[in-house]
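Chain by chain, the residues run as shown.
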Amino acid sequence: MSKWFAIIFFISFGLVSVQAADTIYQWVDENGITHFSDRPQVGATELQVDVAPPATDGPLATPRPPLKKKQKPIKYQVQITSPSHEQTIRDNEGKISITATTTPLPLNSMGYKLVLDGVPQGQITKMGSFNLTNIDRGAHTIHVQLVDESGKEIASSKPITVFLHRANAFGAGAAAAGGG
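Because the structure is predicted, anything quoted here is derived from the model rather than measured. (Residues numbered from 1 in each chain as written. Predicted model: local features only at pLDDT ≥ 70, side-chain atom pairs only at ≥ 80, totals over all residues. Heavy atoms only, no water.)

**Focus: the sheet that holds strand β4 (residues 77-82)**
Across a sheet, strands are paired by hydrogen bonds formed along the backbone, either parallel or antiparallel in direction. Overall, antiparallel pairing links the 3 strands, which are arranged β4-β6-β9 in an open sheet. With partners counted over all chains shown, the strands left at the sheet margins are β4 and β9 (129-132), one partner each. For this sheet, the mean inter-axis angle between neighbouring strands, taken without regard to orientation, is 25°. Pairing between strand β6 (residues 96-103) and β9: 4 bridges, direction antiparallel. Across the sheet, residue Thr 99 finds its bridge partner in β9, namely Ser 129. (Pairing = 2+ DSSP bridges. Helix = DSSP H or I, 4+ residues; strand = E, 2+ residues; numbered from the N terminus. Axes fitted to C-alpha atoms, helices over the stretch in contact; angles between N-to-C directions.)

Encoded structure:
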């Protein structure tokens, strides 16, 4: 019996509290300020307010628009513009000048690294221009990398091969001596 009493008590309490929520009390204080409350006050007028039941479909809050989509990573392309692939360079001091460009333009935090015959050369530079000296004669493979501030490769050019010719001291001296 006490079980049924508890159930009836809670149901009736729920109905009273729902009904009380529909009643608003209004009064004006001695300073002329109008007040509203859900509890009765001395001198308050009872106002009946129609309260719509809560929506049962959909979310209770309006969802925020999605955050900005992650931008696709920029696909950089590095190209060696000078020297050209399989170019023969004749320089007795073993100098090779290399120039590379990047599309699109790299960020300020990026730099260029030159790799000659698989070995990085010098330091990372902000410009894609390199001047090598005292390079041995023969065939050399060159590629230029675009790297971030930590040195991680972002993009790389296609490797090119150049042929460096340096005059032989014996051959140059014999021709200069006049032999014939």
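There is more to say, and it comes next.
**Remarks on the pattern of salt bridges**
One pass over the full model with this rule turns up 1 salt bridge. Residue Lys 95 pairs with Glu 93 through a salt bridge whose shortest N-O separation is 3.1 Å. (Salt bridge = Lys/Arg side-chain N within 4 Å of Asp/Glu carboxyl O.)

**Describing the nonpolar core**
By size, the foremost hydrophobic cluster in this structure holds 21 residues, and its most contacted members are Ile 96, Ile 98, Leu 114, Leu 132, Ile 142, Val 144 and Leu 146. Apart from residues no more than four positions distant in its own chain, Val 144 is found in contact with Val 78, Ile 80, Ile 98, Ala 100, Tyr 112, Lys 113, Leu 114, Phe 130, Ala 155, Ser 156 and Ser 157. (Core = buried A, V, L, I, M, F, W, Y, C linked by side-chain atoms within 4.5 Å. Buried < 20%, exposed > 50% of the residue type's maximum accessible area, 1.4 Å probe, protein only. Contact = heavy atoms within 4.5 Å.)

**Some points on the side chain of Asp 148**
As for its placement among the helices and strands, Asp 148 is situated in the loop between β10 (138-147) and β11 (153-156). In terms of polar contacts, Asp 148 uses its side chain to reach the side chain of Ser 150, at 2.8 Å. Excluding anything up to four places from it in sequence, Asp 148 contacts Ser 109 and Ile 154. (Polar contact = N/O pair within 3.5 Å; in protein donor to acceptor, adjacent residues only side chain to side chain.)

**Comments concerning the sheet that holds strand β1 (residues 23-28)**
Judged by pairing direction, the sheet is antiparallel, and its 3 strands sit side by side in the order β2-β1-β3 without closing on themselves. Looking along the sheet, the strands with just one partner apiece sit at the ends: β2 (34-37) and β3 (45-48). Along the sheet, successive strands turn relative to each other by an average axial angle of 30°, direction set aside. Alignment of β1 against β2, held across 4 bridges, turns out to be antiparallel. Bridge pairing in β2 links Gln 26 to Phe 36.

**A closer look at the environment of Val 49**
In this fold, Val 49 is placed in the loop between β3 and β4. When its relative accessible area of 36% is taken as the criterion, Val 49 is described as partly exposed.

**Comments concerning the pairing of β6**
Consecutive side chains along a regular strand alternate between the two faces of the sheet. Residues Ile 96, Ile 98, Ala 100 and Thr 102 of β6 are buried on one face, while the alternating residues Ser 97, Thr 99, Thr 101 and Thr 103, pointing to the opposite face, are not. Direction of pairing for β4 relative to β6: antiparallel, over a ladder of 5 bridges. Along β6, the bridge assignment pairs Ile 80 with Ala 100.

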